[in-house]
Amino acid sequence: MKNIYVKNTPLAKAKEKWQQALAKINFYNGAAVTELEVEKALGQVTGKPVFAAHSSPIYNAAAMDGIAVHFADLAAASEASPIRLGKEQFTPVNTGNNLPQGFDAVVMIEDVHYVSEEEVELINPATPWQHVRTIGEDIVTTELILPQGHKIRPIDQGAMLATGVTKISIKKQPVVQVIPTGSELIQPGNTPAPGQIIEFNSRILAGYLNEWGAQASGAAPVSDDKEKLKQAMRDAAKTNDIVIINAGASAGTRDYTSTVLAELGEVIVHGVAIKPGKPVILAIIDNTPVIGLPGYPVSAILTMRLFVQEMIYNFMGMQQPAPQWTTARMSRPIHSAMGVDEFVRVTLGQVGKELMATPAGKGAGAVMSLVRADGILTLPAGSEGVGAGEEVNIELLRPLTDVKSTLVAIGSHDNIIDILTNLLHKGEASIRVSSAHVGSMGGIMAIRRGEAHLAGSHLLDEKTGEYNISFIKRFLANTPLQLINLCYRQQGLIVAKGNPLNITGFADLANPEKNISFINRQNGAGTRLLTDKTLADQNIPTSAISGYEHEEYTHMSVAAAIASGSVDCGMGILAAANALHLDFVEVAEERYDLIIPKTFLDDPKIRQLLELVQESTEFKELVHKLGGYSLRDSGKVMFEQ
């Protein structure tokens, strides 16, 4: 019977046990050395020190255009008493020429006055070896050019070639194979059926491995068959320096990785107290390290960073680059389970004088959370989390200069924000947008806490029928700001293509005989308020709507749920329905505004955004292609305080 027990080894202990196992098999002395032409060695790592085959330069070379002289002949030269040299006392030279025998200085052509073709007049004295590159000035024969374990750069190639070195010893990169597992996997380019998943993890993992210095490739997926998996592992261990198994590391009924590894070799660690990535397996087969990574992409990537990155660098005898850190202030609280080291993806943005960190998503399968992430926040095993406003240390995933050019938008989601994000990024200033979809009220509170440059909002006041203003007066009374219109948009019920249930409005949803399921937006979202107002206007209790408590955070997530068949309908914008080829039952036109504190109106990022909204023809054309929008007041100040 398969042992399905996954332990909870502390991270530090797991790393210690793994390094001891690698030392036992002499893994870090396994890099072979081979010869390679210098011109092909860019990015390779030197396997032995490189010494100059000859000096550079190998002769005394003129460093300027001019004339070669003997410095002593000009010792008394001055403007008041110029010295003239005859043809035996000088010779013309160009930059790089061999300095003729008997001469020991060069006078620049700009300082030479020709009296005739055979005589020159000079008014400045010369110093010994003036404007001369002497033999070995750059490097002398047998001098060290590059040490062992050095990653070769273009300038290194030039230095070696200049000193006569054309071949060098390099370390062979560790060969790594990534084996994805799972009967549900299909190759990119195919359309997945229900229950099928496009296999992209091996591409991500191999890409990171190659970036770290390995020679990595992905294998064809192996189905959930124990014997096939065993054969794939056995073959890979024979021909690779490292083997990565992706998925099957946990304790499911078809997770065979740990059992097969135990049969073929030795499992050093199975289960580490980290989140995400707990089921990771560290094993050895015939002196080959095999790492079993969880199937979820974020878990796999973060776990590989923890256990494999240092293996690659140490195998090549190189120092692993030190992580870059910065301090930031948390925009909202994060709770963490005691007993595990948790790695939280965060987005960063410079808002005023504060660098703010916002969680980018916590799902182990949410690959976009890593695409959007600017850094990683580590919550140690003894921590219960961090509070809003607390200062934290963040490991950077992108340069801090990029982070500081980021415009932070928190609030209601709209597809137009994606258009602006792309236009801002491709512009001359290359402005990044960090967008958190937390609903209109979430955006207002972010502005109140000073966490964002702007907030998208479409909060309808049921009493006045006005958008946003009453909420601003209530929650942002002390914040000088402008409320600037972005668009008007059609809101309605998104339904399946062809509207097979013949949904015409909320009355149909309240009809128990029709049994229609609904998906709602989260509390605080403007769409949720519009839904509630519509139900109230029609005297429909929320309890009559099946799925009213089922919430999503974006219009596209609502549309995706309907497209998948999970639910029958949901409230959202026409653009989201169009994007997924769904049908739409219009309920209302609403106004969508941007709340921008006045302190940021002169920020170049905000100025560029407003310029696009007010003046860009490309922006307007792209918005109209989405469908369901009016830009009649776009860029207009609707309210100011």
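These figures come from a predicted structure and were not determined experimentally. (Residues numbered from 1 in each chain as written. Predicted model: local features only at pLDDT ≥ 70, side-chain atom pairs only at ≥ 80, totals over all residues. Heavy atoms only, no water.)

We now examine the overall build of the protein chain. Of the regular secondary structure elements, the protein chain holds 18 helices and 39 strands. Here the C-alpha atoms of the protein chain give a radius of gyration of 34 Å, more than 25% beyond the 26 Å that 2.2 N^0.38 yields for 641 residues. Once the C-alpha set of the protein chain is aligned to its principal axes, its extents read approximately 115 × 70 × 45 Å. Per-residue burial for the protein chain yields a buried fraction of 50% across its 641 residues. Residue pairs at least 24 apart in sequence account for 77% of intrachain contacts in the protein chain once pairs closer than 6 positions are excluded. (Helix = DSSP H or I, 4+ residues; strand = E, 2+ residues; numbered from the N terminus. Rg over C-alpha atoms; globule rule 2.2 N^0.38 Å. Buried < 20%, exposed > 50% of the residue type's maximum accessible area, 1.4 Å probe, protein only. Contact = heavy atoms within 4.5 Å.)

Now for the environment of Asn485. Its location among the elements puts Asn485 in strand β33 (residues 481-495). According to the relative accessible area criterion, Asn485 is buried, its value standing at 0%. Each C-alpha atom of the pair Asn485 and Ile109 lies 67 Å from the other, and the pair is 376 residues apart in sequence. Not counting residues up to four positions away in its chain, the partners in contact with Asn485 are Arg591, Tyr592, Asp593, Val613, Asp633, Ser634, Gly635, Lys636 and Met638. A distance of 3.4 Å separates the side chain of Asn485 from the backbone nitrogen of Ser634, its partner in a polar contact. (Polar contact = N/O pair within 3.5 Å; in protein donor to acceptor, adjacent residues only side chain to side chain.)

Pairing in this open sheet of three strands is antiparallel, and the strands run β1-β13-β2 from one edge to the other. If you trace the sheet from one side to the other, it starts and ends with β1 (33-37) and β2 (45-46), each paired once. Two strands pair when backbone bridges link them, and β1 and strand β13 (residues 167-171) are joined in this way by five bridges, in the antiparallel orientation. Considered in β13, the bridge of Thr34 is made with Ile170. (Pairing = 2+ DSSP bridges.)

Below, the discussion takes up the sheet that holds strand β5 (residues 66-69). Pairing within the open sheet is antiparallel, and its three strands lie in the order β7-β5-β8. The outermost strands of the open sheet, each flanked by one partner alone, are β7 (91-93) and β8 (105-108). Between one strand axis and the next, the sheet turns through 40 degrees on average, direction left out of account. Sheet analysis places β5 next to β8, joined by four bridges and oriented antiparallel. Along β8, the bridge assignment pairs Ile67 with Val107. (Axes fitted to C-alpha atoms, helices over the stretch in contact; angles between N-to-C directions.)

The next thing to look at is the pattern of salt bridges. With the rule as written, the count across this model stands at 26 salt bridges. Between Glu121 and Arg84 there is a salt bridge; the shortest N-O distance is 3.1 Å. One end of the pair, Glu121, is in strand β10 (residues 119-122); the other, Arg84, is in strand β6 (residues 83-86), and 37 residues separate them in sequence. Here Glu391 makes a salt bridge to Arg329, at a shortest N to O gap of 3.8 Å. Taken together, the positions of Glu391 in strand β29 (residues 391-396) and Arg329 in strand β23 (residues 325-330) put the pair 62 residues apart, joining distant regions of the chain. (Salt bridge = Lys/Arg side-chain N within 4 Å of Asp/Glu carboxyl O.)

So, on to helix α11 (residues 440-448). One full turn of an α-helix is made of 3.6 residues, so residues set three or four places apart face in the same direction. Of all the positions in α11, only Ser440, Met441, Gly443, Ile444, Ala446 and Ile447 are classed as buried. The inward-facing, buried residues of α11 abut β30 (406-411), β32 (455-457), α12 (469-475), α14 (526-537) and β37 (583-597).

Packing of helix α10 (residues 415-426) against helix α17 (residues 604-615) brings their axes to within 10 Å, and their N-to-C directions diverge by 115 degrees. Seen along the crossing, α10 lies across α17 with a hand that is right-handed. Between α10 and α17, the contacting residues are Leu420, Leu423 and Leu424 on the first element and Gln608, Leu609, Leu612 and Val613 on the second. Across the contact of α10 with α17, the residue classes break down as six nonpolar, one polar and no charged. (Left-handed = near helix turned anticlockwise from the far one by under 90°. Nonpolar A, V, L, I, M, F, W, Y, C, P; charged D, E, K, R; others polar.)

For His70, the position within the fold is in the loop between β5 and β6. Judged by its relative accessible area of 30%, His70 falls in the partly exposed class. Along the chain, His70 and Gln89 lie 19 residues apart, while their C-alpha atoms are 7.3 Å from each other. Dropping the residues within four chain positions of it, His70 is found in contact with Gln89, Gly102, Phe103 and Asp104. For His70, the side chain forms a polar contact with the side chain of Asp104, separated by 3.3 Å.

With 14 residues, helix α1 (residues 11-24) extends 20 Å between its outermost C-alpha atoms, agreeing within 8% with the 20 Å of an ideal straight helix rising 1.5 Å per residue. Of all the residues in α1, the buried ones are Leu11, Ala14, Trp18, Ala21 and Leu22. Viewed end-on, α1 has its buried residues packed into an arc of 100 degrees, placing them on one side of the element. Facing away from the buried surface of α1 by more than 90 degrees, the exposed residues are Ala12, Ala23 and Lys24. Asn26 sits one or two positions beyond α1 and adopts a positive phi of about 60 degrees. (Expected span 1.5 Å × (residues − 1). Arc of directions from axis to C-beta.)

As judged from the four bridges shared by β6 and β10, these two strands associate in the antiparallel manner. Paired with Ile83 across the strands is Leu122, a residue of β10. In terms of strand pairing, strand β9 (residues 113-116) meets β10 through three bridges, oriented antiparallel. Its bridge partner being in β10, Ser116 is matched across the sheet by Glu119.

Here the focus is unusual backbone geometry. A cis amide bond, omega -5 degrees, links Ser56 with the succeeding residue Pro57. Here the amide bond leading from Lys275 into Pro276 is cis, since omega sits at -5 degrees, within 30 degrees of zero. Mapping Pro276 onto the fold places it in the loop between β20 (274-275) and β21 (281-285). Phi is positive for Asn26, which is not a glycine, with a value near 60 degrees. At Trp129, a residue that is not glycine, the phi angle is positive and equals roughly 65 degrees. Tracing the sequence through the fold places Trp129 in the loop between β10 and β11 (132-133).

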